[in-house]
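Coordinate analysis (summary)
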Amino acid sequence: MKIKHSIIIAEKQCKDMLKNKTVLIQFLLFPLINIIMEHSITFDELPEHFFTKLFAVMYLGMAPLTSMAAILSEEKEKNTLRALLLSDITSIEYLIGVGGYVWFVCMLGGSIFLITGNYKGYEGIAFLSSMAVGILISLLIGAVIGTWSKNQMSATSFTVPIMMVFSFLPMLSMFNKTIRTVAKITYTQQISLFLNQTEPIKITIENIIVILFNILITSIVFRYAYKKHGFT
């Protein structure tokens with residue numbers, strides 16, 4: 001495996017993203033909405049930085065997932081991915097390049113939430129670490145969808161309901177006990193619980209177990225999807 005090849009893929013995705021408005025808006029939408037909401041809506045009963053915590057979780061459940069699925073399915077449909085793999089670039093190098101690029105850009109978006117939420121010191125590190133793990137899991141789910149899908153249309157039909165589940169479950173669980181109980185098995189809900197602690201945020205055993213379980217399941221499903229469909 002050559003890291004140089006992955007860097008080339010990442011540079012290619014950077015150029016492509018500036019042309020692809022659908023993917024570009026995924027990285028900008030929630031950070032911009034969060035800035036507006038944090039500075040325009042205030043209530044005495046509203047927890048501090050409520051919107052930052054809410055939209056940060058929605059962002060990590062949506063942006064990397066939809067972007068990864070869109071990129072893979074688009075390149076499969078246009079046969080540019082086949083051309084890359086027929087050259088000297090391997091599937092692993094391609095995944096690292098695309099995934100690394102999307103992860104990095106999403107972390108830049110996460111840094112906007114960090115600043116808006118005024119996280120500093122240990123809490124800042126804990127916030128960014130939780131974002132990093134959540135984005136990684138979403139990337140794996142997006143890679144599963146992109147690998148499984150034959151084209152962009154089929155990818156979208158899978159992406160929208162899955163993205164909505166992971167993005168909106170934490171918000172809906174605030175208002176419904178049954179949803180809250182079910183949502184606890186998802187990584188987005190665990191990250192939401194982690195960020196919304198009233199005391200200085202600290203990771204719990206439940207956080208660790210559920211997030212590791214999500215990583216394991218998505219990795220297994222991606223391995224199966226890749227073995228069955230590959231990037232063809």
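The following paragraphs examine the structure supplied in this document.

Rules of the game
Residues numbered from 1 in each chain as written. Predicted model: local features only at pLDDT ≥ 70, side-chain atom pairs only at ≥ 80, totals over all residues. Heavy atoms only, no water. Axes fitted to C-alpha atoms, helices over the stretch in contact; angles between N-to-C directions. Helix = DSSP H or I, 4+ residues; strand = E, 2+ residues; numbered from the N terminus. Parallel < 35°, antiparallel > 145°, perpendicular 65-115°, else oblique. Left-handed = near helix turned anticlockwise from the far one by under 90°. Contact = heavy atoms within 4.5 Å. Nonpolar A, V, L, I, M, F, W, Y, C, P; charged D, E, K, R; others polar. Phe/Tyr/Trp six-rings, centres within 6.5 Å; stacked < 30°, edge-to-face > 60°. Buried < 20%, exposed > 50% of the residue type's maximum accessible area, 1.4 Å probe, protein only. Polar contact = N/O pair within 3.5 Å; in protein donor to acceptor, adjacent residues only side chain to side chain. Patch = residues over 30% accessible without salt bridge, like charges linked within 9 Å, V, L, I, M, F, W, Y side chains within 5 Å. Areas by Shrake-Rupley, 256 points an atom, 1.4 Å probe, with all protein chains shown as cover. Salt bridge = Lys/Arg side-chain N within 4 Å of Asp/Glu carboxyl O.

The next subject is the packing of helix α3 (residues 50-77) against helix α9 (residues 187-195). At a minimum axis distance of 10 Å, the contact between α3 and α9 shows a crossing angle of 155 degrees. Considering their axes alone, α3 and α9 lie roughly antiparallel with respect to each other. In terms of crossing hand, the pair formed by α3 and α9 is right-handed. Residue-level inspection shows K53, V57, L60 and G61 of α3 in contact with α9, the latter providing Y187, T188, I191, S192 and L195. Considering only residue class, the contact of α3 with α9 consists of five nonpolar, three polar and one charged.

Once that is clear, we can look at the packing of aromatic side chains. All told, the structure shown has seven aromatic pairs when counted by the stated rule. Centre to centre, the rings of F30 and F55 are 5.8 Å apart; their planes meet at 35 degrees, and the pair counts as tilted. Of this pair, F30 sits in helix α2 (residues 21-40) while F55 sits in helix α3, and the two are 25 residues apart along the sequence. In this structure F55 comes out as buried when scored by relative accessible area, which is 9%. Consider the rings of F50 and F51, whose centres lie 5.3 Å apart with planes at 75 degrees: the pair is edge-to-face. Given the relative accessible area of 19%, F50 is considered buried. Each residue in the set F30, F50, F51 and F55 is aromatic and connected to the rest through ring pairs, giving one cluster.

Residue position: T186 is located in the loop between α8 (177-183) and α9. Classification of T186 as buried rests on a relative accessible area of 7%. From its side chain, T186 meets the backbone oxygen of A183 in a polar contact 2.7 Å long. In contact with T186, other than residues within four places in its own chain, are F166, L169, V210 and N214.

With that out of the way, let us pick up a nonpolar patch on the surface. On the surface, W148, F158, F213, I217, V221 and Y224 cluster together into a nonpolar patch covering about 550 Å² of accessible area. It is helix α10 (residues 205-229) that provides the largest number of residues to the nonpolar patch, a total of four residues. Assignment of secondary structure puts F213 in helix α10.

Turning our attention to unusual backbone geometry. For residues other than glycine, phi is negative in most cases, and the peptide bonds are mostly trans. At N118, a position not held by glycine, the phi torsion is positive, near 60 degrees. Within the fold, N118 resides in the loop between α5 (91-116) and α6 (121-148). We classify N118 as partly exposed; its relative accessible area is 48%.

By themselves, these figures tell us nothing about what the structure is for.
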